[in-house]
Amino acid sequence: MPSSVIPSDQIRAAVERELNAIPFIDIHTHLFMPSLGSIGLWGIDELITYHYLEAELFRSHDIQPAAYFELSKRAKADLIWQTLFVENAPLSEATRGVVAVLNAFGLPTSGDLKDAREFFAGRELRSHIKDVFRMAGISEVVMTNDPLDPDEAPLWEAGAEGDSQFHAVLRLDRILNKWEQNWQTLEQKGFAVAADGSGKTMSEVRRFLEEWSARMDPVYMAVSLPDTFAYPEDSLRVRFLRECVLPVCRERGIPLSVMIGVRYLVNPELRLAGDGAGKADLRALERLCVDFPENRFLTSLLSRENQHELCVYARKFANLMPFGCWWFLNNPSVVEEMTRERLEMLGTSFIPQHSDARVLEQVIYKWRNTRRTLTPILANSYQLMSEDGRPVTQEDIRHDITRMFRGNFETFTRRKF
Ligand code: HDL
Ligand code: ZN
């Protein structure tokens with residue numbers, strides 16, 4: 001028996017070892033490279049006022065959202081801490097995550113926030129980032145960059161310094177979903193566009209995408225789409241996709257990330273925490289894959305009810321790459337179901353997870369949870385393979401984990417990271 005064959009009772013330990021040893025690429029986050037300044041969030045008060053926790057606060061405290069949003073950042077954090085971490089046990093995924101981050105830095109996980117605030121106040125951002133990425137077991141992250149964001153765009157236009165651990169993404173929501181509110185910003189920037197898409201709008205939007213792609217060098221373009229997303233459809237969104245976005249993606253050899261299934265602001269009072277989820281009609285995705293065989297579609301869906309059919313579609317279209325357990329799905333109970341059905345139907349030809357981190361230190365708990373949840377699932381797959389007659393080697397496990405958490409993304413983006 002070759003030395004690297006792993007006895008059945010040691011498979012789980014071998015999987016855990018490789019998951020911990022291989023640095024992952026975090027392919028979708030809302031983190032920002034240091035040169036983008038204060039739009040990058042980090043530290044204990046940002047961790048505690050994460051919009052996931054704001055939504056949970058309103059279920060456990062009678063403060064009304066409008067009154068809450070009047071509070072200072074510190075007062076918001078104190079209220080959430082007292083309500084969700086002191087008066088009630090932090091059992092939810094998002095509250096337990098904050099506990100895990102505090103614990104990872106050896107900080108008190110109960111009592112008050114004094115020690116934590118002093119600790120984070122003393123951290124230097126660039127070295128802190130390197131520590132956090134090492135603790136999270138990631139080599140780099142992919143950002144979400146909005147060329148029409150009034151806070152972010154000027155920083156890029158002024159020549160923000162790049163960072164090898166942060167890769168850019170051109171985010172398209174303001175063009176594809178909110179054209180009415182944003183077309184005049186393009187017009188003010190010298191692009192001859194119109195509210196109704198007439199005239200030179202399409203060629204000018206394409207020029208805008210080409211200019212920002214040259215500026216940012218995005219590893220992909222991305223858009224979040226509602227559960228009602230339809231294609232084909234007689235709409236400006238579909239015209240922008242067909243005539244601007246997909247051609248520029250083809251020119252640059254990069255994928256388009258479509259994240260489908262959001263029901264925006266079902267409760268507007270909760271602001272960023274106000275979005276819900278809805279089952280999408282995946283015939284739109286099917287038609288995109290058929291009509292644009294030269295384009296590649298990184299795909300994450302928000303409804304648990306869409307996940308099995310996404311695996312079926314991924315078996316039909318090699319230009320479709322399922323990724324992550326997105327947002328409301330990033331909980332062990334759902335991650336387990338999604339990852340098992342993906343392994344059963346796709347083998348290792350998918351990307352199991354991204355963090356979607358909005359606050360730097362979240363990557364520590366989000367990737368710890370991913371490794372903890374995936375260890376038994378991957379071990380079970382190798383166990384079954386072994387029982388069915390194919391011995392498992394350390395090289396198998398190392399190769400497969402590297403493929404799922406690095407190689408598939410490198411192949412799909414045509415880049416080496
Ligand atoms: O559109 C997206 O990229 C989503 O991930 C939203 O940012 C969402 O608010 C979020 O933070 N999910 O984790
Ligand atoms: Zn996101």
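The preceding data block contains the structure.
The residue numbering used here restarts from 1 in each chain and proceeds along that chain's sequence as written. As they are written, the chains are lettered A onward and the ligands numbered 1 onward, keeping that order. In view of the model being predicted, local features appear only for residues whose pLDDT reaches at least 70, and side-chain atom pairs are presented and counted only at 80 or more, with totals across whole chains, interfaces and linings using the full set of residues. Computation of side-chain values: all heavy atoms of the structure, hydrogens and water removed.

A. The arrangement of the packing of helix α3 (residues 51-60) against helix α6 (residues 93-104) in detail. For helices, the fitted axis covers only the stretch in contact; all axes are lines through C-alpha atoms, and the angles between them, taken along N-to-C directions, range from 0 to 180 degrees. Secondary structure is summarised from DSSP: a helix means a run of H or I of at least four residues, a strand means a run of E of at least two, and numbering begins at the N terminus for each. The N-to-C vectors of α3 and α6 enclose an angle of 120°; their axes lie 9 Å apart at closest approach. One way to sum up the angle between α3 and α6 is to call them oblique. Of the two possible hands of crossing, α3 and α6 adopt the one that is left-handed. Between α3, through Tyr 52, Leu 53 and Glu 56, and α6, the contact on the second element is made entirely by Ala 94, Thr 95 and Val 98. Under the convention adopted here, Pro, Cys and the residues Ala, Val, Leu, Ile, Met, Phe, Trp and Tyr are nonpolar, Asp, Glu, Lys and Arg are charged, and Gly plus all remaining residues are polar. Among the residues making up the contact of α3 with α6, the classes are represented as four nonpolar, one polar and one charged. Put simply, angles under 35 degrees are roughly parallel, angles over 145 are roughly antiparallel, angles from 65 to 115 are roughly perpendicular, and the rest are oblique. By convention the crossing between two helices is left-handed if the near helix lies anticlockwise of the far one by an angle smaller than a right angle, and right-handed if it lies clockwise. Should any heavy atoms of two residues lie within 4.5 Å, those residues are considered in contact.

B. Spotlight on the nonpolar core. Working definition of a nonpolar core: buried Ala, Val, Leu, Ile, Met, Phe, Trp, Tyr and Cys residues. They are joined through side-chain atoms within 4.5 Å. Think of it in three bands: residues with accessible area under 20% of the maximum for their type are buried, residues over 50% are exposed, and the middle band is partly exposed, with areas taken using a 1.4 Å probe on protein chains only. In this structure, Leu 209, Met 221 and Leu 256 are the most contacted members of the largest nonpolar core, which totals 145 residues. Examining the composition of this core, we find that nine residues originate from one element, helix α17 (residues 362-387), more than from any other. When residues no more than four places from it in sequence are discounted, the contact partners of Leu 209 are Leu 170, Leu 172, Ile 175, Met 221, Cys 244, Val 245 and Val 248.

C. Fine view of the sheet that holds strand β1 (residues 24-26). In this description, strands pair whenever DSSP reports at least two bridges between them. Strand order in this open sheet of three strands is β1-β2-β3, and the pairing throughout is parallel. The open sheet has two free edges, formed respectively by β1 and β3 (166-167), since each of these has just one partner strand. Along the sheet face, helix α8 (residues 125-136) touches β2 (138-142) and β3 and points at about 110° away from the line of β2.

D. Molecular detail of the pattern of salt bridges. Between Lys or Arg on one side and Asp or Glu on the other, a salt bridge is scored when a side-chain nitrogen of the former is within 4 Å of a carboxyl oxygen of the latter. Applying the stated criterion across every chain yields a total of 28 salt bridges. One salt bridge in this structure joins Arg 96 and Glu 93, with 3.2 Å as the shortest N-O distance. Of this pair, Arg 96 and Glu 93 both sit in helix α6, three residues apart, which is roughly one turn of the helix. When the shortest N-O distance is used, the salt bridge between Arg 123 and Asp 131 registers 2.8 Å. Since its relative accessible area comes to 24%, Asp 131 is described here as partly exposed.

E. Examining the environment of Ser 60 more closely. Relative to the helices and strands, Ser 60 resides in helix α3. Remark: the alpha-carbon pair of Ser 60 and Leu 84, spanning 24 residues in sequence, is separated by 7.5 Å. Ignoring any residue separated from it by four or fewer positions in sequence, one finds Ser 60 in contact with Thr 83, Leu 84 and Asn 88.

F. Just the coordination of the zinc ion (ligand 2), in detail. The coordination sphere of the zinc ion (ligand 2) contains the protein donors His 28 (NE2), His 30 (NE2) and Asp 356 (OD), at a distance range of 2.1 Å. The donor set covers N, O and S atoms within 2.8 Å of the metal, switching to 3.2 Å for Na, K and Ca, and it leaves out water, so a site may look short of donors. Here the donor residues of the zinc ion (ligand 2) are spaced in sequence according to H-x1-H-x325-D. One end of the pair, His 30, is in the loop between β1 and α2 (44-48); the other, Asp 356, is in the loop between α16 (332-346) and α17, with 326 residues separating them in the sequence. The exposure class assigned to His 30 is buried, which follows from its relative accessible area of 14%. Take Asp 356: its relative accessible area is 8%, and that puts it in the buried class.

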